[in-house]
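# Descriptive structure summary
Spelled out, the chains give:
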2 protein chains.
Amino acid sequence: MKDLPSINAVAELADVSIATVSRVLNKSKPVSEQTRLRVEAAVAQLGYRANPFGRSLAKAQSHLLLVLVPDFSNPFYSQIIKGIEAVTRRRGYKILIADDSNLWTDRAETLDLSYFRLVDGVISLTHLDERPELMAEMDTLPWVACSEYPSKGVVPHVSIDHRQAAVDAVQYLLNGGHKRIALITAEEDYLWAQQRREGYEIALQRAGIQVDPNLIRTANDLDYESGGQAAGSLLALPELPTAVFAMSDTLAIGVIKALRRKGKRVPEDIAVIGFDNLPLSSVFEPALTTIAQPMRELGEAAAQILLERLAGGTSESRTLAHRLVLRESA
Amino acid sequence: MKDLPSINAVAELADVSIATVSRVLNKSKPVSEQTRLRVEAAVAQLGYRANPFGRSLAKAQSHLLLVLVPDFSNPFYSQIIKGIEAVTRRRGYKILIADDSNLWTDRAETLDLSYFRLVDGVISLTHLDERPELMAEMDTLPWVACSEYPSKGVVPHVSIDHRQAAVDAVQYLLNGGHKRIALITAEEDYLWAQQRREGYEIALQRAGIQVDPNLIRTANDLDYESGGQAAGSLLALPELPTAVFAMSDTLAIGVIKALRRKGKRVPEDIAVIGFDNLPLSSVFEPALTTIAQPMRELGEAAAQILLERLAGGTSESRTLAHRLVLRESA
DNA sequence: CTGAAAGCGCTAACAA
DNA sequence: TTGTTAGCGCTTTCAG
């Protein structure tokens, strides 16, 4: 394409040394008003912008951040990333997004590890246990986990209290008089899935209700169809549940559609409660009763922690508040 | 954090020159079996991975691509990006995503132009007319536009035939006997909005129906509420339309909800047709009749064109096929 | 306040 | 087949 001016061109035009140009560009040392103006004029005239590779090489930092995400077309994650973006951009960082989803399906492909030489830090929304090649990079760079975090270890993380949130959801159903409450869970690789399941069990036990394994289904994925399948298998039960706690709004919607197709009314015959409070959950009919996660804030908080660490600080993990949102489905 | 080994460390350990190390790393020149093995052993032992900044500086290319997107949490765009990611990752490129949405609302903020010094090429999904600071970068780097493209100029682009797609949608309604067909359009900055509107007008004219400006509403945004508002104002009309063509599925859903709230049945009282075929359009009830855009393929094609250009080739613009998807809403 | 020069980690031309 | 060396564009001592 076109050859771009380098710092040398600027120095020459302004009749100063490249060191001086660097100083005015970075305000790293005092420069006399007069030469500063000359340099600025030269910069403007040439349309000069620094080559980031030269800079990164010299300073050993790139102002690039890596966001590791299981699937960024999932609205839950994309909201979080919005939050991350908003705070990092303001501080002059750019984000590199690595979508991990191909990696799960396609065992052959593994995350290109050169990502980690490129960035100053990483925010991970993905599952890390059993990913030693990723965990190894935690000695190399500052990490922060968001929403999902390694079960053991010392990575600072931001998330809601999934266990308590699940207790709240199930308690709400119990308060409504439900006794046979089904659970649609996701693959329990994810820590949040385990914790929500625990919450489900705790709430039932507190109410003196025995956990019935027949009422628990594991969805293959987090999409509508998986929810529908799980609901279908629930409908085969001799005695039906009167309520369903689905671990995500997308699952809940799949469940509701499947129930309706079989002639069940929601919430009259079977109540359904979801999780996440995605934008579409208020649009779907019946509007979803669900646990709201503060997605944008999760992302913002994670970014803030990372940025502070990058600045030499040492911020800690945070737990943000969830909220029970009452609508029509339960 | 931790100091990472450089190419020097490898060279020393393998007892060769750094040039040789570089050669085995890049397979750029023949190296004897024996020394190659020594180098590889050293690399493995040290866990060496090349510093991308050194490499980029020397080769003047980064294997980074920029994706400019109006709002990546919009499922339409995130599907496209999935397509882009899939093909670029396979070729060893990483993508940097710049979300333009803050820029529209927040006039103060403007896209950090240093993005363009960092990447080898750019794929733009965003509106470029009236963005001279962006257009200027087209002389600097290879660009390809996807879905949206500059009205004039020479950027290769990938999209569907929006005009024809709109004709198809409206024709379908006409075939169903509709004569009063409303249009919910979006801000017509976007070329696709203009073209779809043209398609709407063409189809009506061909049917000998006069375009009635009273039946046309411009939504403020592409979200549910905007669709609802537009529908609300349509309902104030003395004579109601019998069908609505909404320029996106999200608008269509907003429209349907607003109509229902006013006691109108869809499609019996008013038929509604959408555009895009987002995943949720088949889940919503009534399931949306809509024009399907091949989102993933759009992204893949755009990425292929860019990659070929980067490789010295000269691929051209492509128009992909759309598809009318008949479901329940019209 | 300014300039010369070393060095960041790598590639590639040139020599051997 | 291998090594030496000159950059790539920038930041940062170190002198002055």
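Residues numbered from 1 in each chain as written. Chains lettered and ligands numbered in written order. Predicted model: local features only at pLDDT ≥ 70, side-chain atom pairs only at ≥ 80, totals over all residues. Heavy atoms only, no water.

### Thoughts on the protein's contact with DNA strand D
What counts is decided by this rule: For each residue, the test is whether any non-hydrogen atom lies within 4 Å of the molecule or strand; if one does, the residue is near. Here a polar contact is recorded for every N or O atom pair within 3.5 Å, except that within protein the pair must consist of a potential hydrogen donor and a potential acceptor, and residues adjacent in sequence are included only if both atoms are side-chain atoms. Helix and strand assignments come from DSSP, with helices taken as H or I runs of at least 4 residues and strands as E runs of at least 2, each series counted from the N terminus. When residues are grouped by polarity, Ala, Val, Leu, Ile, Met, Phe, Trp, Tyr, Cys and Pro land in nonpolar, Asp, Glu, Lys and Arg in charged, and all others, Gly among them, in polar.
What surrounds DNA strand D is a group of 26 residues, the closest being A:I7, A:Y48, A:N51, B:R23 and B:T35. Within the side chain of A:S22, one N or O atom sits 2.8 Å away from a phosphate oxygen of DNA strand D. The contact in question runs from a phosphate oxygen of DNA strand D to an N or O atom on the backbone of A:N51, over 2.7 Å. Looking at the surface near DNA strand D, the elements that each hand over two or more residues are helix 2 (18-26) and helix 4 (52-59) of chain A together with helix 2 (18-26) and helix 4 (52-59) of chain B. Considered class by class, the residues forming the surface near DNA strand D number 13 nonpolar, nine polar and four charged.

### Looking at a negative patch on the surface
Residue and element names in this part refer to chain A. Definition in use: Only residues whose relative accessible area exceeds 30% and that form no salt bridge enter a patch; like-charged residues are grouped when within 9 Å of one another, and nonpolar side chains (Val, Leu, Ile, Met, Phe, Trp, Tyr) when within 5 Å. Accessible surface is estimated by sampling points in the Shrake-Rupley manner with a 1.4 Å probe; for residues, cover comes only from the protein chains shown. Should a side-chain nitrogen of Lys or Arg be within 4 Å of a carboxyl oxygen of Asp or Glu, the pair is scored as a salt bridge. Note that His is not counted, nor are the chain ends; the positive residues are Lys and Arg, and the negative ones are Asp and Glu. In plain terms, the charge of a residue is placed at NZ if it is Lys, CZ if Arg, CG if Asp and CD if Glu. Exposure is judged per residue with a 1.4 Å probe applied to protein chains only, and the accessible area is read against the type maximum: over 50% gives exposed, under 20% gives buried, and values in between give partly exposed.
Taken together, the side chains of E130, E187, D189, D221 and E225 make up a negatively charged region of the molecular surface. On the secondary structure map, D221 appears in the loop between strand 7 (216-218) and helix 11 (224-235). When its relative accessible area of 43% is taken as the criterion, D221 is described as partly exposed.

### Here's the deal with the interface of chain A and chain B
In many reports, interface size means the accessible area that the parts give up when they come together. Operational definition: Pairs of residues are marked as contacts when any of their non-hydrogen atoms sit within 4.5 Å. Using a 1.4 Å probe, buried area is obtained as the accessible area two parts lose upon being combined, added over both of them.
In this complex, chain A contributes 54 residues to the contact, which on the side of chain B involves 54 residues. Between chain A and chain B, the buried area comes to about 5200 Å², and carbon and sulfur atoms account for 59% of it. Per-residue buried area on chain A facing chain B is highest for A:R49, A:F53 and A:R117; these three make up 15% of the total on that side. One salt bridge in this structure joins A:K257 and B:E285, with 3.2 Å as the shortest N-O distance. There are 20 residue pairs in polar contact (both at pLDDT 80 or more) connecting chain A and chain B. When residues of the side of chain A that touches chain B are traced back to their parent elements, those giving at least two are helix 4, helix 5 (75-90), strand 2 (94-99), helix 6 (101-105), helix 7 (115-118) and helix 12 (249-261) of chain A.

### Some details on the relation of the copies chain A and chain B
Quick note on the threshold: Superposing the copies works by least squares over the C-alpha atoms of residues that have pLDDT at least 70 in both of them.
When chain A is fitted to chain B, the residual RMSD is 0.1 Å, and the transformation amounts to a turn of 180 degrees plus an axial shift of 0.0 Å. Taken together, the rotation and translation relating the two chain copies correspond to the operation of a two-fold axis. Taken as a fraction of all interface residues of chain A, those also at the interface in chain B reach 100%, which identifies the copy contact as same-surface.

### What about the nonpolar core?
Our working definition: The definition of a nonpolar core used throughout is a set of buried Ala, Val, Leu, Ile, Met, Phe, Trp, Tyr and Cys residues joined through side-chain atoms within 4.5 Å.
By size, the foremost hydrophobic cluster in this structure holds 161 residues, and its most contacted members are A:F245 and B:F245. Formed by 40 residues, the second largest nonpolar core is a distinct cluster that contains A:L68, A:L96, A:F116 and B:L118.

### Describing the domain arrangement of chain A
Quick reminder of the rule: Domains are outlined according to an automatic or database domain assignment.
One can read the domain layout of chain A as domain 1 (1-50), domain 2 (53-158 + 297-320) and domain 3 (162-294). Centre-to-centre separation of domain 1 of chain A and domain 3 of chain A, based on C-alpha positions: 62 Å.

### Examining the pairing of strand 1 (residues 64-69) of chain B
All names here are of chain B. Threshold: The criterion for strand pairing is that DSSP finds at least two bridges linking the strands in question.
Along strand 1, six of the six residues are buried, which leaves the element largely enclosed by surrounding structure. With burial as the criterion, each face of strand 1 is covered, one bearing L64, L66 and L68 and the other bearing L65, V67 and V69. As judged from the six bridges shared by strand 1 and strand 2 (residues 94-99), these two strands associate in the parallel manner. Within strand 2, the position partnered with L66 by the bridge is L96.

### Comments concerning the packing of aromatic side chains
All names here are of chain B. What counts, and what does not: Ring pairs are drawn from Phe, Tyr and Trp, using the six-membered ring of Trp, whenever the two centres fall within 6.5 Å, and their geometry is named by plane angle: stacked under 30 degrees, edge-to-face over 60, tilted for the rest.
Following the criterion strictly, the structure yields nine aromatic pairs over all chains and no others. Consider the rings of Y190 and W192, whose centres lie 5.6 Å apart with planes at 40 degrees: the pair is tilted. According to the relative accessible area criterion, W192 is buried, its value standing at 7%. When the centroid spacing of 6.4 Å and the interplanar angle of 40 degrees are considered together, the rings of F245 and F275 count as tilted. Here F245 is found in strand 8 (residues 243-246), whereas its partner F275 is found in strand 9 (residues 271-276), with 30 residues between them in sequence. F275 matches F245 in its accessibility class, with the two residues each being buried.

### Things to note about the UniProt feature "domain: HTH lacI-type" (unreviewed entry) in chain A
Defined as follows: UniProt positions are given in the numbering used here, feature names are shortened, and annotations may be inferred rather than shown by experiment.
UniProt's entry tags residues 5-59 of chain A with the feature "domain: HTH lacI-type" (unreviewed entry), counted in the numbering of this structure. End C-alpha to end C-alpha, residues 5-59 of chain A measures 21 Å, and it is 71% helix and 0% strand.

### Side note on the sheet that holds strand 6 (residues 181-186) of chain B
Note on sheets: strands pair through backbone hydrogen bonds, and any given pair is parallel or antiparallel. Residues and elements named next belong to chain B. Applied cut-off: Angles shown run from 0 to 180 degrees and are taken between the N-to-C directions of axes, each axis being a line fitted to C-alpha atoms and, for helices, limited to the stretch in contact.
Strand order in the open sheet formed by six strands is 7-6-8-9-10-12, and the pairing between neighbours is mixed. The open sheet is flanked by strand 7 (216-219) and strand 12 (323-325), the only strands paired with a single partner. With strand direction ignored, the average angle separating the axes of adjacent strands in the sheet is 20 degrees. Pairing of strand 6 with strand 8 involves four bridges; the strand directions are parallel. Note on strand 8: the bridge partner recorded for I181 is A243. This element, helix 9 (residues 162-175), spans strand 6, strand 8, strand 9, strand 10 (289-292) and strand 12 of the sheet and lies at about 160 degrees to strand 9. The strands touched by helix 12 (residues 249-261) within the sheet are strand 6, strand 7, strand 8, strand 9 and strand 10, with strand 9 carrying the most contacts at an inclination of about 160 degrees.

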